[in-house]
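Architecture at a glance
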Amino acid sequence: MGTTTTRGRRIAGAGAGLLAAGTALGVATLTTAFVGADTSPVVAVGGAVIDATPVWLKDFAIRTFGTHDKLALLSGIVVLLAGFAVGVGILAVRRLWLGIVGVVVFGLVGTLTALSRPAARPLDIVPSVLGTVAGVAALVVLARRLQGTGPAPVRAAAGPDVGPVGIGGRPDRFDGWRDRVTAGDRKGVGYDRRGFLRTGLAVAGIAAAAGTGGRRLIAARFDASASRRQVAVPKPASPAPATPAGVDLELPQLSRFYTRNADFYRVDINLLVPTIAAEKWRLRLHGMVRREIELDFGQLLDRPLIERDITLTCVSNEVGGPYVGTARWVGAPLGDLLREAGVDPRADQLVSRSVDGFTVGTPTAAVLDGRDAMLAVSMNGEPLPIEHGFPVRMVVPGLYGYVSATKWVVDLQLTTFAGHDTYWTRRGWARTAPIKTMSRIDTPRPLARVPAGRTAVAGVAWAQHRGIAAVEVRVDGGVWSPARLAAEDGIDTWRQWVWAWDATPGQHTLEVRATDKTRQTQTDKRRPPDPDGASGWHSVVVAVT
């Protein structure tokens, strides 16, 4: 009986730990909403975990979970926190002070992490502090319900002076049981189950109400949807050239020339999408310039805007991967803005900062060499989607996104590569990262079953700011055959291609390679994305029947 009761108390203690952690997180979330902190403790911890994660592990997460990598990380953090909370609750059953120390450590991690974030303010520690106080209070109340409530029968040696006396002075059927326990025995035997359940339900209700209310208030405070609906992007002073006929081959399973906003890849370090209303947006251009420039959103829209088709590629894209897409962008020329500020000739790096403190380093020469680098405000005919940088992001053709495509940008600083390392270069990635010549087979899909006879093999190729000159396909390591290219929209966009294959029965391997307009042919040497983009030929294996 004692063993069973002890096990029950431990299980209840584990529940108490989870409820205490839930209370701490709920109160912290609610406090985040009320005090105007920039982020909740869980998100702050998640951001710190992302920052501390080795590059190889980040690449693994992106390869394995794709755009769901943030959800996978949050799920992992919740599991770890739950395990820690269970341990704290079990400790509290035996030694309440140990459980309290565990909750305090739990809160201290959140406090220190909040202070370590790039845009941290002293106010950001308040949610963790108040959450810790609430978690300790919840644990103490629940743990007290797990203390002994009274004597419980204990087996003792049989004897004439033992056990309660039954009717008529004779030992009753409980003869041999002693109705005496020490204080130490009481603590480990009985507890108020009903009282613990009632208190636990009350604590759970408080935690749920605080957490739900806090999340709703935070969502309302950081929601930029209403601001986005009010934005009217002016007609560009320099419209995009008309799209040539035949730019999209319109084949089944072949990527469309323009990637829909809803389908456009999103790869970044943010657990929650940063938000900023257009009316609150400000941009500061400073550093190694003759004069600083500050703009609000209205002033940016008043500048002459350009409209261009540009393909973006993430450096995390594996050979044949999905992290590439084309959109029609509208924005203010970035080069013009830098020339107005007067760039110091020694400033070889433009550091751009996001509203959350994330930094990107772009070669100054790439912004000033005449390419259509811009501060984009529109994507495919509508204001930027919030997850793609609303209200303003950078777009620089020809460079991987981690050195060119800052979303939610609010600060531009002219500096030098020698004097400033940005987020990814501090982690060993290349300082300059021109996009490599690449190609991909979209159809047939890997392991597809293909009928024998004439079959269309098709895909896309890209070499931004150089352009695609040729695409070749081969079967089973044989002779390379030229594919037919779709019409070219421009050197800053990808290009569709198709090759007619007379497929014969059996299993076959299809490979593709591209050549850009500088006569550089895509290399066959397979390399992972780190440190400057993946390389190699894309191949698929199909079965012809």
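**Some remarks on the side chain of T23**
Along the chain, T23 falls in helix α1 (residues 2–35). Given a relative accessible area of 6%, T23 falls into the buried group. A polar contact is formed between the side chain of T23 and the backbone oxygen of L19, at a distance of 2.8 Å. Look past the residues within four positions of T23 in its chain and what remains in contact with it is A134, A138, V203 and A207.

**Section: the packing of aromatic side chains**
Within the structure shown, the criterion is met by 11 aromatic pairs. Between F264 and W329, the aromatic rings sit 6.1 Å apart at their centres with planes inclined by 85°, giving edge-to-face as the arrangement. Of the two residues, F264 is situated in the loop between α9 (225–230) and β3 (282–287) and W329 in strand β6 (residues 324–333); the sequence distance between them amounts to 65 residues. As far as the burial class goes, F264 and W329 line up, both buried. Aromatic pair W480 and W537: ring centres 5.0 Å apart, planes at 80°, arrangement edge-to-face. Placement of the pair is W480 in the loop between β16 (468–475) and β17 (481–482) and W537 in the loop between β20 (506–516) and β21 (538–544), with a sequence separation of 57 residues.

**A few points about the nonpolar core**
Judged by nonpolar contacts, the single largest core of 78 residues is most densely connected at W329, L334, L375 and L412. Residues in contact with L334, not counting those within four places in the same chain, are L350, V367, A373, M374, L375, M394 and L412. A448, V457, W499 and A503 belong to the second largest nonpolar core, which has 21 residues in total.

**Some thoughts on the sheet that holds strand β7 (residues 349–354)**
Strand order in this open sheet of five strands is β4-β3-β12-β7-β8, and the pairing throughout is mixed. Looking along the sheet, the strands with just one partner apiece sit at the ends: β4 (293–296) and β8 (359–363). Shown here is a sheet whose adjacent strand axes are inclined to one another by a mean of 15°, direction ignored. Bridging between β3 and β4 involves four bridges; their strand directions are antiparallel.

**Notes on the confidence of the model for the chain**
Per-residue pLDDT for the chain has a mean of 86; in total, 83% of the residues score no lower than 70. For the stretch residues 149–189, pLDDT sits under 50, and the model shows 41 contacts to residues farther than four places along the chain or on other chains.

**Focus on the pairing of strand β5 (residues 306–313)**
For β5, the tally of buried residues reaches eight of eight residues, placing the bulk of the element in the interior. Alternating positions in β5 separate into two faces, I306, R308, I310 and L312 on one and E307, D309, T311 and T313 on the other, with burial throughout. By the bridge criterion, eight bridges tie β5 to β6 in an arrangement that is antiparallel. When the bridges of β6 are listed, I306 appears paired with G331.

Rules used in this analysis
- Residues numbered from 1 in each chain as written.
- Predicted model: local features only at pLDDT ≥ 70, side-chain atom pairs only at ≥ 80, totals over all residues.
- Heavy atoms only, no water.
- Helix = DSSP H or I, 4+ residues; strand = E, 2+ residues; numbered from the N terminus.
- Buried < 20%, exposed > 50% of the residue type's maximum accessible area, 1.4 Å probe, protein only.
- Polar contact = N/O pair within 3.5 Å; in protein donor to acceptor, adjacent residues only side chain to side chain.
- Contact = heavy atoms within 4.5 Å.
- Phe/Tyr/Trp six-rings, centres within 6.5 Å; stacked < 30°, edge-to-face > 60°.
- Core = buried A, V, L, I, M, F, W, Y, C linked by side-chain atoms within 4.5 Å.
- Pairing = 2+ DSSP bridges.
- Axes fitted to C-alpha atoms, helices over the stretch in contact; angles between N-to-C directions.
- pLDDT = per-residue confidence, 0-100.

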